[in-house]
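Architecture and fold: a report
Here's the letter readout for the chains.
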Amino acid sequence: MYLFQRNKHFSLRSCLISFLLNQLLVLGVTAWKNVYYDMANITTTATFNAESNTYDISPTTPFNITCFYVNADFTFDYAEVKWSSGSPTSPLFIFNNDKAEPGFQASPREIPQNSPENGSVSLIVDQLPSSYYSNSDSPKIWFKCEVLTVNRDNNKTLIHSYINRSIEISFVSPVEITEVLEDQTVEEGDTLILSCPTSGLPRPTVEWSRTDDRALAASLGGGLIHRSPDGNLALKNITSTDSATYQCSAWNRVTSPVSRTVTVTVLHKPVVTVHTLIVNQMVGYHTELRCVAPPSLPVLLTVRWYYTPLKHSEADEVEEINDDTARYSYTNRTDAAASIITTLVIEPVQEVDFTRSFCCVYENQLGESEACISVQDSDKPVSVNGKKPRKEQINHSSCLQAHWTYFMTSCILATFYIIL
């Protein structure tokens, strides 16, 4: 007995076929065979994408699938059109108990007996159920059309004919960044995760970069672009150099990149730099020591100077420099880049200044940073590797070498003159 089963439900047609087969057996039909062959062709109104070699359609766009058959024998006892979807290994019939899923129509549902040998059957999808595409990052749905016929040959052999063809449809939709990216303010040392939630089919590719074209943090590989599988950018152990505007770009094969930006502000202690750690000057002259700190958040509260012995220990006292400190004074100014420049003036320089280290201190609400500069007596010879240069030996050696070169050159010229 041959039964048609659809998702564990017996349809009315299956019962009819069972009844028909029993009757045929009663009439003396004692053998049957199955015959399988493909439809002549299958087409769809979905758009063919040559680059991805797929048929693409928006989930909300109606579409048709049509199967064409040729040279079919419809002198049958029974015929039925079946449509299934899902995957070849796990097909689900679209029509159960003669009722279609919402959004589907079949035309025709049955093929009358003695129909023309060449024809077609179509599946009309008015509105695809969201269950077909909502649970997949790259939904590709397999559709199969099938015409089943039952007839007898001259030997009363029962023949089951299966004419079928399948096609795969990819559901696509444009990329969207679904949330507004809000600017972030964090403290130095924190961890910040920037999110870029997206929608689209196939699943969008998400990349992060800095709008100033500087490299990303070393923890992200240090490159200009970071591709994120989950759409997030994790900034760990943040430093002041991570203060920037970051751009999230997302795309798939359907859509050109769409972008959003988010500005990250890192609150940190001031960062102090000096042009040189040692300034050369002679006793009695004027000299200036300078420190620079770029803009910081929170803003600077104070800038000050102090000095301490050049080779100092923790027990040494720190001498603050203020308006009452003799020979020392300092001024602060802001340059065009909003950096704070502080300049310490020593006038005049004395021997004691060569034994001191002068330090500038920048402070804001998160702490303070400093840099120190020393003054070196430029009137004394500079030692090299702890040894003073041996000027006399160097001069004598150079002189002897010059005289010897002159003597040899003169001899060669004289010899050449005599030969001539």
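Presented here is an overview of the structure given in this document.

Calculation notes
- Residues numbered from 1 in each chain as written.
- Predicted model: local features only at pLDDT ≥ 70, side-chain atom pairs only at ≥ 80, totals over all residues.
- Heavy atoms only, no water.
- Helix = DSSP H or I, 4+ residues; strand = E, 2+ residues; numbered from the N terminus.
- Buried < 20%, exposed > 50% of the residue type's maximum accessible area, 1.4 Å probe, protein only.
- Pairing = 2+ DSSP bridges.
- Axes fitted to C-alpha atoms, helices over the stretch in contact; angles between N-to-C directions.
- Disulfide = S-S within 2.5 Å.
- Core = buried A, V, L, I, M, F, W, Y, C linked by side-chain atoms within 4.5 Å.
- Contact = heavy atoms within 4.5 Å.

1. Re unusual backbone geometry
P108 follows S107 through a cis peptide bond whose omega is -5 degrees. Residue placement: P108 occurs in the loop between β12 (104-107) and β13 (119-125). A positive phi angle is found at N53, which is not glycine, with a value near 60 degrees. Mapped onto the elements, N53 comes out in the loop between β5 (47-49) and β6 (54-57). For N53, a relative accessible area of 58% translates into the label exposed. Although it is not a glycine, R327 adopts a positive phi angle of roughly 70 degrees. By the secondary structure assignment, R327 is in the loop between β29 (319-321) and β30 (328-334).

2. Brief notes about the sheet that holds strand β7 (residues 63-69)
With antiparallel pairing, four strands are arranged side by side in an open sheet as β4-β7-β13-β12. Of all strands in the sheet, those bounded by a partner on one side alone are β4 (41-44) and β12. Taking the axes of each pair of neighbouring strands and ignoring which way they run, one obtains an average angle of 15 degrees across the sheet. Where β4 meets β7, four bridges bridge the pair, whose relative direction is antiparallel. By the bridge assignment for β7, I42 is matched with C67.

3. Quick notes on the state of the cysteines
Using the criterion set out here, one finds four disulfides in the structure. A sulfur-sulfur distance of 1.7 Å marks the disulfide that ties C67 to C145. One disulfide, between C67 and C145, carries an S-S torsion of -100 degrees and so falls in the left-handed class. Taken together, the positions of C67 in strand β7 and C145 in strand β14 (residues 140-152) put the pair 78 residues apart, joining distant regions of the chain. According to the relative accessible area criterion, C67 is buried, its value standing at 0%. Taken in sequence order, the bonded cysteines of the protein link in the pattern 1-2, 3-4, 5-7, 6-8.

4. Description of the nonpolar core
If you look at the biggest cluster of nonpolar residues, it comprises 33 residues, and the most contacted ones within it are W83, V121, F143 and F171. When residues of this core are traced back to their parent elements, those giving at least two are β7, β8 (78-86), β13, β14 and β15 (158-171). Apart from residues lying up to four places away in sequence, W83 is in contact with I65, C67, L92, F93, I94, F95, A106, V121, S122, L123, K144 and C145.

5. Comments concerning the sheet that holds strand β33 (residues 367-377)
Strand pairs in the sheet, formed through backbone hydrogen bonds, run parallel or antiparallel to each other. Spatial strand order, β26-β33-β32-β28-β29: five strands in an open sheet with mixed pairing. Taken across any chain shown, the strands that pair with only one partner, and hence form the sheet edges, are β26 (278-281) and β29. Taken pair by pair, the neighbouring strands of this sheet meet at an average axis angle of 30 degrees, ignoring direction. In the sheet, strand β32 (residues 356-364) pairs with β33 via eight bridges, with the strands oriented antiparallel. Among the inter-strand pairings, E363 is bridged to a residue of β33, identified as E368.

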